[in-house]
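# Architecture at a glance
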Amino acid sequence: MTLFELADRICGVRRLAVIVLLCAAGCGGGGDNTPRYPASGTVLLEGAPVDGAVVAFSREDGNATAVAMTDEMGQFQLNVPPGKRGVPAGKYRISVRKSSVAPTYKEPTTFEEMEKEHKAGVKPGPPPAPKLGVPARYGDPATSLLTEEVTPTGKNEFTIQLKG
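This write-up is about the structure you can find in this document. Nothing here was measured: the structure is a model prediction, and the numbers come from that model.

### Considering the packing of aromatic side chains
- By the definition in use, this model includes three aromatic pairs.
- When the ring of Phe57 is compared with that of Tyr92, the centres are 5.8 Å apart and the planes differ by 55°; the resulting orientation is tilted. Placement of the pair is Phe57 in strand β3 (residues 54–59) and Tyr92 in strand β6 (residues 90–97), with a sequence separation of 35 residues. Of the two residues examined, Phe57 and Tyr92, each falls in the buried class.
- Pairing Phe57 with Phe158 gives two aromatic rings, centres 5.7 Å apart and planes at 40°, and the pair type is tilted. Linking Phe57 in strand β3 with Phe158 in strand β10 (residues 157–162), this pair joins segments that are 101 residues apart in sequence.
- Feature note: the residues Phe57, Phe76, Tyr92 and Phe158 constitute an aromatic cluster, connected by ring pairs.

### A word on the side chain of Ser144
- Along the chain, Ser144 turns up in helix α3 (residues 141–144).
- Here Ser144 falls in the buried class, since its relative accessible area comes to 5%.
- Engagement of the side chain of Ser144 in a polar contact is seen with the backbone oxygen of Ile94, the distance being 2.5 Å.
- Residues within four places of Ser144 in sequence aside, it is in contact with Ile94, Arg137 and Tyr138.

### Comments concerning the pairing of β10
- Of the two faces of β10, the one holding Phe158, Ile160 and Leu162 is buried and the one holding Glu157, Thr159 and Gln161 is not buried anywhere.
- Of the strand pairs in this sheet, strand β1 (residues 40–45) and β10 are connected by six bridges, and their pairing is parallel. When the sheet's bridge partners are listed, Leu44 is paired in β10 with Gln161.

### Let's talk about the pattern of salt bridges
- Applying the stated criterion to the full structure yields three salt bridges.
- Close ionic contact of Asp61 with Arg59 constitutes a salt bridge, the shortest N to O distance being 3.0 Å.
- On the basis of relative accessibility, which here comes to 48%, the residue Asp61 falls in the partly exposed class.
- Note that Lys119 is salt-bridged to Glu115, the shortest N-O span being 4.0 Å. Taken together, the residues span about one helical turn, with Lys119 and Glu115 both in helix α2 (residues 111–120) at a distance of four residues.

### Section: the nonpolar core
- Of all hydrophobic cores here, the largest spans 23 residues; its most connected members are Phe57, Val96 and Ile160.
- Counting residues per element, the ones that place at least two in this core are β3, β4 (65–69), β6, β9 (146–150) and β10.
- Setting aside its immediate chain neighbours within four residues, Val96 contacts Val43, Ala53, Val54, Val134, Tyr138, Gly139, Leu146, Ile160 and Leu162.

### Focus: the pairing of β6
- Here β3 runs beside β6; their pairing, made up of six bridges, is antiparallel. Looking at β6, one finds that Val55 is bridged to Val96.

### Examining α2
- Burial analysis of α2 places just zero of its ten residues in the buried class, a small minority of the element.
- Just beyond α2, the residue with positive phi is Gly121, at close to 75°.

### Concerning the sheet that holds β6
- Read from one edge to the other, the open sheet built from four strands follows the order β4-β3-β6-β9, with strand pairing classed as antiparallel. At either margin of the open sheet sits one strand with a lone partner, and together these are β4 and β9. With direction set aside, neighbouring strand axes in the sheet form an average angle of 25°.
- Where β3 meets β4, five bridges bridge the pair, whose relative direction is antiparallel. Bridge pairing links Phe57 to Ala66 in β4.

So, how was this worked out
Residues numbered from 1 in each chain as written. Predicted model: local features only at pLDDT ≥ 70, side-chain atom pairs only at ≥ 80, totals over all residues. Heavy atoms only, no water. Phe/Tyr/Trp six-rings, centres within 6.5 Å; stacked < 30°, edge-to-face > 60°. Helix = DSSP H or I, 4+ residues; strand = E, 2+ residues; numbered from the N terminus. Buried < 20%, exposed > 50% of the residue type's maximum accessible area, 1.4 Å probe, protein only. Polar contact = N/O pair within 3.5 Å; in protein donor to acceptor, adjacent residues only side chain to side chain. Contact = heavy atoms within 4.5 Å. Pairing = 2+ DSSP bridges. Salt bridge = Lys/Arg side-chain N within 4 Å of Asp/Glu carboxyl O. Core = buried A, V, L, I, M, F, W, Y, C linked by side-chain atoms within 4.5 Å. Axes fitted to C-alpha atoms, helices over the stretch in contact; angles between N-to-C directions.

The structure is reproduced here in structure tokens:
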């Protein structure tokens, strides 16, 4: 490789590095600057907190959806997108889902248990259908009839009352 070829390669690498840095700074470095506001709440079913429910706030204009999971006290904290604190202001439709599957068949854990079940002809059945922890109508924002508004000046603390 001649000295001129080496110099040309170095300049090419420098040009590529400058292009990459400019793209990182200008093309994707800015990110989403939509103002966000703290929003939280509690989900209650017949007055009792709902633990482990998935709460989704879908903005009516379709521009944002926030999803959170309730804790043992039924409380949740909304964030959009993941990793950013708070949610954009606007009117939201709400859905709440909770389901669990109760085990109906205990898997054998030892070779002896497997052999015993095999000799007895025991075969596991299909997995049980999920048991809904809240009524199904709340799982879809179109049928839940639950709505709230996140405002720049409000507390944005919501109590979501569900009925069985």
